[in-house]
Amino acid sequence: MIPSDRKYIDSHEWIKIEGDLAVIGITDYAQDSLGDITFVELPAVDTEVTKGGECCVIESVKAASDVYSPLSGVIAEVNSTLEAEPEKINASPYEEGWVFKLKNLDTAEVDSLMDSAAYEKFLETCE
Amino acid sequence: MSYIANTANEQKEMLKACGLSSIDALFEDIPERLKPKSFNIPHGKSELEVSATIEKMASRNYSHLTSFLGGGFYDHFIPAAIDALASRGEFYTAYTPYQPELSQGTLQSIYEYQTDICRLTGMEVSNASVYDGGTALYEACQMAINATGRNRIIIDGGVNPIYRKMIHTHTLNLSIELCEVAVTHGQGDREKIFEALNKDTAAMIVQNPNFFGVIDDHSDIVNKCHSMGILVIQSTYPVALALIKTPGEIGADIATGDGQSLGIPLSFGGPYLGFMATRKKLARKMPGRISGLTMDTQGREGFVLTLQAREQHIRREKATSNICTNQALCALRANIYLSLLGKEGLKETARLCLNKALYMKERLKAIPNIKVYEDLPVFNEFVIRLPMDAGELAGMMIDRGFAAGFPLGRYYPGMENYLLVAVTEKRTKHDIDLFAETLEDALCQ
Amino acid sequence: MSIIFKKSVPGRRGVRLPKCDVPASTEIPEKYRRLSDAPLVELSEIDVVRHFTELSLKNYGVDTNFYPLGSCTMKYNPKVTEKLAGMEGFASLHPLLPQLRHGDLLTQGALAALYDLEHLLREICGMDAFTLQPMAGAHGELTAMMIFAAYHNKKGNKKSEVLIPDESHGTNPSSAAIAGYEVKPVPTNRETGALDLEALRQKIGEQTAALMLTNPNTLGIFNSDVDKITEIAHKYDAQVYYDGANLNAVLGKFRPGDADFDAVHVNLHKTFGTPHGGGGPGSGPVGVKKHLVDFLPISRIVKRDDATYALDYNYPDSIGYIAPFYGNFSVCLKAYIYILLLGAEGLIEVSENAVLNANYILHSLKKEYDVPYLRTCMHECVLSAKKQVENGVHALDIAKALIDRGFHPPTTYFPLIVKEALMIEPTETESKETLDAFISAMKDIAEKAASNPDELHKAPVTTPVSRLDETLAVKSMNLVFPLDVNE
């Protein structure tokens, strides 16, 4: 069930490389642990982000989760449909529920991410 | 008297059920070395004895003075129904409505309070209240900083000096730059304010009526601030809002103030009620509890605490604020007060304040050697200049049965001869006439 | 649902005000005037009284029945405290009076009560000085963190972190953050339920400004090593803070000052019997040791040689103003009256009975419910719904089922380190028959969890509303009654 066309990090974000952009979202596991998502605070386009830095917040009724940028770069685009329909992340975490896109990537950073098999293994260690 | 129901026999039975031989066994986790070095507290007394002690203490307070003391905290009339309703144990002895099914009374009252505050201030959303008006103002600064990503706050010198001191303390350890702009001629100095605004400025704080009682139209400040992406926070006096331009009407982004004047006794400084209201787009940046309408499993309407993901039990160190409760009982009092007074009653109260204050102003103006400071439009409070130290005069008036007002020298160096005088609907023409005569007499001595 | 705004009838009045006895010709100049009237309700006094009486009947307080909400100390609040605090001599006292020249002489009764209360709290906690100004527990935490920051700044200490156990209240980390510190969690020892000393030794260092501890902690467990913890912290000049949330367990049994805590806050609304008011007002006085006295907020109450009381603002190292005046005065006054009523023996009885009641519940329910830390508890016990979860019944379902059986539920899902937690704090004022009735309700629920879990999922059914949709509440953001519905 974990798409093999992308990479992962241990804070449960996925990264899909599309040309010179990286599309970023949260995994099915992450959306499931949050529950009904009610609000997404999206980052501003053109903001510079660093690897591991907090760049947006996803809220459910009982929890709020920081989204950590898996890569350094600059915010190229955000999924503004999430402002009105944050539940898209619950319904389609890997497709329609993508959160933001990054440009100005560092390819060395991309190579160091987990692939789907490694993430699947990592999930077994999570409760 | 310790209000414990269980008898010694029942305690024994319970210990036995726990498999313990004595009360001491319950405390065996506390080692000998950690036992109290002393516990020198007087013996307990009966309700009758303690009542006598406390009544004697109450009689040592000068609560009988005819008071013209305001400074942001006012002696307004409190209808008896407020005490009768707010002291019902179902409200009084409940806690934060964590279990909405058992707390629809508190939750609905908060929702109605939020609505009242919005209707009074002309804003779109309100929280369930914070500790007091000063805390509300500090929390509004934090909101503005979070919303703009900037860290400079400009404060008009007409903002209550106690609130300015509170903001100063609360921001001491944070990278926030505070800049105060002194008042000239009793009003916010537009030239100096506009000069202080820059691209790092998160918010401009103004107060209406200001600490000198002067009413203003801050629309020009709002326009200028908004053109630079700066938020405007207006601290205000809820009774005055029945008559004066509201924060909503001037386009302010956050309205705050103390709700003490809405049916809450002065009680020597608290508990009071800090209200906060804002625009819809800033709702998620607002700290504190908020009650919202929703549906139950059977499609019936009901209320819950909502937007909790902003709060510290979920966000911990990243929360919008560390405040985890509201002044629910004070908010309930304000809700009952505004329901009893209603649309006409609040307006009539405000008109009485306004007319009596203006009558007082004319009476004092007529006294030789007294000048009204910067004779500007006011609501129920104004400043006079005396031919002597205002503190000394206030002392002389206490001997004559009056709390004459607040001497400004304490917070405004150079204004030692100035006195801030407030009049509420509780003062009669007779009180005012007698005060004016006594004051004139005192000045002659 | 009967919202008050729907009941409004144009022309109705609830309060009659005196006729204006001065010339009533003044208007606010147009430039400054409100454009349209504030659309408040129009109702008679009886309309208002009936409305709020109806609301009160949809509420539940300690006066209604048992309220074992863990961590909140929902004890009985003696009625006499309300009556005395409401006396004219206190209620109508203007807070600026003592700031007039010789004004403190006008408020000697109020200042005496505050001064005495400060001294009683000192003795109860073993501290050197108190401020009554913080207006809630969380405000007390913040005040103490600001005092610590002032202390470190004055000494030139470079400190950046505050250590907080993972079982702590959520306000601890947010208070530390507002005081400008980064928060680092310290794990709880999963065997003992107390702070892990080894983990503490690893985390602490020169960068540590403070350590915030609750003892007994939120698991209801007293940490016998607290003096060792303060000793470790003091090696790095880290200040140790005692969160007094659970002080009701140890009155006359343990004083944080004796274990070298540097600062403490107490919740007057919990331990000292003042009403919780539906969420506030509270009061969170802060006590400190000698080395921190100069940093306390102003004003401070002093006793002069002639036995009169005065407010003193002359403390140049003070953190300044954290409240507009002297704290939530009437809450302080009620707590003062409460301590006078109980006295030393009464306070000791409070803790003994609070702890006895909690242990009685723990032992009566240990077969039916999982007990993550089975040992003598203090004033509250933490159970877990782990066994019931096997049948699909969660802590939340148990809480709701208790409502149908006439009880306020315990705290659920806290502390965070216990899964499916049910945190029960009975307090000392509850009688054995009340506890027995609660215990039998809990046993009945455990039985139903096995035999008929669906019934518990539907609870509560006896309340004016059933379970509410919190997701809908967040999404629809209906926070204010709209104007156009009744106008």
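Residues numbered from 1 in each chain as written. Chains lettered and ligands numbered in written order. Predicted model: local features only at pLDDT ≥ 70, side-chain atom pairs only at ≥ 80, totals over all residues. Heavy atoms only, no water.

Check the secondary structure of chain C and you find 15 helices and twelve strands. The C-alpha radius of gyration computed for chain C amounts to 25 Å, which stays within 12% of the reference 23 Å derived for 487 residues, consistent with globular compactness. Taking the principal axes of its C-alpha atoms as reference, chain C extends roughly 80 × 65 × 45 Å. Surface accessibility of chain C: about 15600 Å² in total, with carbon and sulfur atoms responsible for 50%. In chain C, 49 side chains carry a positive charge and 61 a negative one; their mean positions are 2 Å apart. (Helix = DSSP H or I, 4+ residues; strand = E, 2+ residues; numbered from the N terminus. Rg over C-alpha atoms; globule rule 2.2 N^0.38 Å. Areas by Shrake-Rupley, 256 points an atom, 1.4 Å probe, with all protein chains shown as cover. Lys, Arg positive; Asp, Glu negative; His and termini not counted. Charge placed at Lys NZ, Arg CZ, Asp CG, Glu CD.)

Next up on the list: the domain arrangement of chain B. Residues and elements named next belong to chain B. When cut into domains, chain B gives domain 1 (66–76 + 343–444) and domain 2 (80–336). Relative placement of domain 1 and domain 2: their C-alpha centres are 28 Å apart. Tallying the contact residues gives 28 residues for domain 1 and 29 residues for domain 2. For domain 1, the biggest contributors to the area lost against domain 2 are Phe73, Phe379 and Tyr412; these three give 27% of the whole. Across the contact surface, domain 1 and domain 2 share zero salt bridges. Inspection of the region where domain 1 meets domain 2 yields ten residue pairs in polar contact (both at pLDDT 80 or more). Mapped onto the side of domain 1 that touches domain 2, the elements with two or more residues apiece are α12 (328–365) and β12 (381–385). At six residues, α12 tops the list of elements feeding residues into the side of domain 1 that touches domain 2. (Domains from an automatic or database assignment. Contact = heavy atoms within 4.5 Å. Buried area = accessible area lost by both parts, 1.4 Å probe. Salt bridge = Lys/Arg side-chain N within 4 Å of Asp/Glu carboxyl O. Polar contact = N/O pair within 3.5 Å; in protein donor to acceptor, adjacent residues only side chain to side chain.)

Moving on to the packing of aromatic side chains. If you walk through the whole model with that rule in mind, you get 35 aromatic pairs over all chains. A centroid spacing of 5.3 Å and a plane angle of 70° characterise the contact between phenylalanine 402 of chain B and phenylalanine 435 of chain B, whose relative ring orientation is edge-to-face. Pair noted here: phenylalanine 402 of chain B is in strand β13 (residues 402–403) and phenylalanine 435 of chain B is in helix α14 (residues 429–444), with a separation of 33 residues, a long-range link. Both residues of the pair, phenylalanine 402 of chain B and phenylalanine 435 of chain B, count as buried. Arranged with centres 6.5 Å apart and planes meeting at 80°, the rings of phenylalanine 148 of chain C and tyrosine 241 of chain C form a pair that is edge-to-face. Of this pair, phenylalanine 148 of chain C sits in helix α5 (residues 137–155) while tyrosine 241 of chain C sits in strand β5 (residues 239–244), and the two are 93 residues apart along the sequence. An identical accessibility class is assigned to phenylalanine 148 of chain C and tyrosine 241 of chain C; each is buried. (Phe/Tyr/Trp six-rings, centres within 6.5 Å; stacked < 30°, edge-to-face > 60°. Buried < 20%, exposed > 50% of the residue type's maximum accessible area, 1.4 Å probe, protein only.)

For the pair helix α5 (residues 104–121) of chain B and helix α1 (residues 45–57) of chain C, interaxial distance at closest approach is 7 Å and the crossing angle is 135°. Classed by the angle they form, the pair α5 of chain B and α1 of chain C counts as oblique. When α5 of chain B is examined against α1 of chain C, the residues Gly105, Gln108, Ser109 and Glu112 of chain B are found in contact with a partner set consisting of His51, Phe52 and Leu55 of chain C. Partitioning the contact of α5 of chain B with α1 of chain C into residue classes produces two nonpolar, four polar and one charged. (Axes fitted to C-alpha atoms, helices over the stretch in contact; angles between N-to-C directions. Parallel < 35°, antiparallel > 145°, perpendicular 65-115°, else oblique. Nonpolar A, V, L, I, M, F, W, Y, C, P; charged D, E, K, R; others polar.)

Residue and element names in this part refer to chain B. For strand β5 (residues 201–208), the buried fraction is high: eight of the eight residues fall into the buried class. Pairing of strand β3 (residues 152–156) with β5 involves four bridges; the strand directions are parallel. Its bridge partner lying in β5, isoleucine 154 is registered against methionine 204. Examined bridge by bridge, β5 and strand β6 (residues 231–236) share six bridges and lie parallel to one another. Paired with methionine 204 across the bridge in β6 is valine 232. With helix α9 (residues 219–227) bridging β5 and the parallel β6, this β-α-β connection has right-handed handedness. (Pairing = 2+ DSSP bridges. Right-handed = clockwise from strand over helix to strand, strands pointing away.)

Put simply, an interface is often sized by how much accessible area is lost when its parts join up. Opposite the 213 residues of chain C that make contact, chain B presents 187 residues. Here chain C and chain B share an interface that buries about 17400 Å² over both sides, 64% of which is from carbon and sulfur atoms. It is Tyr32, Arg34 and Leu479 of chain C that lose the most area in chain C upon contact with chain B, and together they represent 5% of the buried surface on that side. On inspection of chain C and its partner chain B, the count reaches ten salt bridges. The residue glutamate 13 of chain B makes a salt bridge to lysine 432 of chain C at a minimum N-O spacing of 3.5 Å. If you look at where chain C meets chain B, you find 86 residue pairs in polar contact (both at pLDDT 80 or more). If you tally residues by element for the side of chain C that touches chain B, the top one is helix α10 (residues 329–365) of chain C, at 27 residues. Here the residues of the side of chain C that touches chain B are counted per class, giving 118 nonpolar, 56 polar and 39 charged.

Let us now look at the pattern of salt bridges. Oppositely charged side chains can form a pair if their charged atoms are brought close together. Summed over the entire model, instances satisfying the criterion amount to 63 salt bridges over all chains. Here aspartate 220 of chain B makes a salt bridge to arginine 190 of chain B, at a shortest N to O gap of 2.7 Å. A residue pair is termed long-range when its members are at least 10 positions apart, and aspartate 220 of chain B in helix α9 and arginine 190 of chain B in helix α8 (residues 190–196) qualify at 30 residues. A relative accessible area of 30% places aspartate 220 of chain B in the partly exposed class. Aspartate 104 of chain C is paired through a salt bridge with arginine 304 of chain C; the nearest N and O atoms lie 2.8 Å apart. Within this pair, whereas aspartate 104 of chain C is found in the loop between α3 (88–91) and α4 (108–125), its partner arginine 304 of chain C is found in the loop between β8 (300–303) and β9 (309–312), the two being separated by 200 residues in sequence. According to the relative accessible area criterion, aspartate 104 of chain C is buried, its value standing at 10%.

Across the contact, five residues belong to chain C and seven residues belong to chain A. For the chain C and chain A pair, buried surface summed over both sides reaches about 510 Å², with 56% attributable to carbon and sulfur atoms. On the surface where chain C and chain A come into contact, there are one salt bridge. When the shortest N-O distance is used, the salt bridge between lysine 475 of chain C and glutamate 87 of chain A registers 3.4 Å. At the boundary of chain C and chain A, one finds two residue pairs in polar contact (both at pLDDT 80 or more). The class makeup of the residues in the side of chain C that touches chain A is one nonpolar, one polar and three charged.

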